[in-house]
Amino acid sequence: MKKILRGMVFVFVIVGIFLLGGFDAEAGPAPNLSAVQIVEVWSDGSPEKIAVSPNYPNRVEKDTPLQGTMLYIRTKFTGYPNWSTVFYRDGSSTGHPYAYTETEKKGIGNIVTGWYQTVKIPFKALSDYPTICVTASSINGGGTCIGDRDSYSKVNLERR
C-alpha cells in the first residue's frame, strides 16, 4: 500500500511540475562578435607559449625565438564569429589569407560568450618577418571586422 501511495504522489508531483511550466527553457540569440585578439603564439621547435600584448603594436619581443616547421596561434573571439569568415592573413586585414589547420576550438565560460581557437600555419608559407592579421565577421550579420580595429587582431613576428 505504501508503494502505491508513493507512486501516486510521485506521478502527481511530476504532472504538477509540467502543468505549472517548471521546465521552460529560454535562450537568447548568440552574442555578436565584438573583438578578435591574438593572445598567444608558439612553434613546434620552441613550444613555450608567448603572450601577445593586446595593445598596439601587438608585437612579440624582437629576440623571441620561433623555430621549427609550424607556427601555432591562439586567438580569442569575444562573441560568436561566423567561422566561414575567419581568416589568418598576411600583413593586414585585406592581405592574402594563409592556409591553416584548426587544432582546437574551445568555448569561453559555462554560458559560452566567446571562443578560443588554436590554429597552425606552416612556417614555409610565411615570410621571414611576418605580420599576421586575424579577421572575422559576426554570426548574426552586421559589420565585418575588416577595418574595424576591435574586430581584428594583428601580430608582428620575427623568425629565426
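Residues numbered from 1 in each chain as written. Predicted model: local features only at pLDDT ≥ 70, side-chain atom pairs only at ≥ 80, totals over all residues. Heavy atoms only, no water.

Chemist: Explain the overall build of the protein here, please?
Modeler: What the protein contains, in helices and strands, is one helix and eight strands. Along the protein, from the amino end to the carboxyl end, the secondary structure elements read α-β-β-β-β-β-β-β-β. A buried classification covers 33% of the 160 residues belonging to the protein. In the protein, of all internal contacts separated by at least 6 residues, the share reaching a separation of at least 24 is 67%. Accessible surface computed for the protein: about 10100 Å², of which carbon and sulfur atoms make up 56%. (Helix = DSSP H or I, 4+ residues; strand = E, 2+ residues; numbered from the N terminus. Buried < 20%, exposed > 50% of the residue type's maximum accessible area, 1.4 Å probe, protein only. Contact = heavy atoms within 4.5 Å. Areas by Shrake-Rupley, 256 points an atom, 1.4 Å probe, with all protein chains shown as cover.)

Chemist: Honestly, the sheet that holds strand β1 (residues 35-43) in this entry has me stumped. Any pointers?
Modeler: The strands making up a sheet are joined through hydrogen bonds of the backbone, oriented either antiparallel or parallel. Spatial strand order, β2-β1-β3-β6-β5: five strands in an open sheet with antiparallel pairing. The open sheet is flanked by β2 (50-51) and β5 (101-107), the only strands paired with a single partner. For β1 and strand β3 (residues 70-78), the ladder comprises eight bridges, and the chain directions are antiparallel. Bridge assignment links Q37 to a residue of β3, and that residue is K76. (Pairing = 2+ DSSP bridges.)

Chemist: Is there a simple way to explain the pattern of salt bridges in this structure?
Modeler: Close approach of charged atoms allows side chains with opposite charge to pair. Counted according to the given criterion, the structure contains two salt bridges. Between E40 and R74 there is a salt bridge; the shortest N-O distance is 4.0 Å. Of the two residues, E40 sits in strand β1 while R74 sits in strand β3, which places them 34 residues apart along the sequence. Residue classification places R74 among the buried positions, given a relative accessible area of 18%. For K105, the salt bridge identified is with E102, shortest N-O distance 3.8 Å. (Salt bridge = Lys/Arg side-chain N within 4 Å of Asp/Glu carboxyl O.)

Chemist: Can you walk me through the pairing of strand β6 (residues 114-122) in this structure?
Modeler: Within a regular strand, the side chains alternate between the two sheet faces. As paired elements, β3 and β6 share nine bridges and run antiparallel to each other. Note on β6: the bridge partner recorded for M70 is P122. Sheet analysis places β5 next to β6, joined by six bridges and oriented antiparallel. Across the sheet, T101 pairs through a bridge with K120, a residue of β6. Where β5 hands over to β6, the hairpin turn is made up of six residues, of which G109 adopts a positive phi near 85°.

Chemist: Explanation requested: the nonpolar core in the structure shown.
Modeler: One recurring pattern in soluble globular proteins is that nonpolar side chains are buried together. Within the largest apolar cluster, 23 residues are counted, with the highest numbers of intra-cluster contacts made by V41, L71, I73, F77 and Y88. Broken down by secondary-structure element, the contributors of at least two residues to this core are β1, β3, β6 and β7 (131-135). (Core = buried A, V, L, I, M, F, W, Y, C linked by side-chain atoms within 4.5 Å.)

Chemist: What is the right way to read the packing of aromatic side chains from this model?
Modeler: What the rule picks out here adds up to five aromatic pairs. Between F77 and W83 the ring centres are 5.2 Å apart and the planes differ by 75°, which places this aromatic pair in the edge-to-face class. Judged by relative accessible area, F77 falls into the buried class, the value being 0%. For W83, a relative accessible area of 25% translates into the label partly exposed. Both rings, one in Y80 and one in W115, keep their centres 5.9 Å apart while their planes meet at 85°; by these two values the pair is edge-to-face. Of the two residues, Y80 is situated in the loop between β3 and β4 (87-90) and W115 in strand β6; the sequence distance between them amounts to 35 residues. Each member of the pair, Y80 as well as W115, carries the same accessibility label: buried. Joined through ring pairs, the aromatic side chains of F77, Y80, W83 and W115 make up one cluster. (Phe/Tyr/Trp six-rings, centres within 6.5 Å; stacked < 30°, edge-to-face > 60°.)

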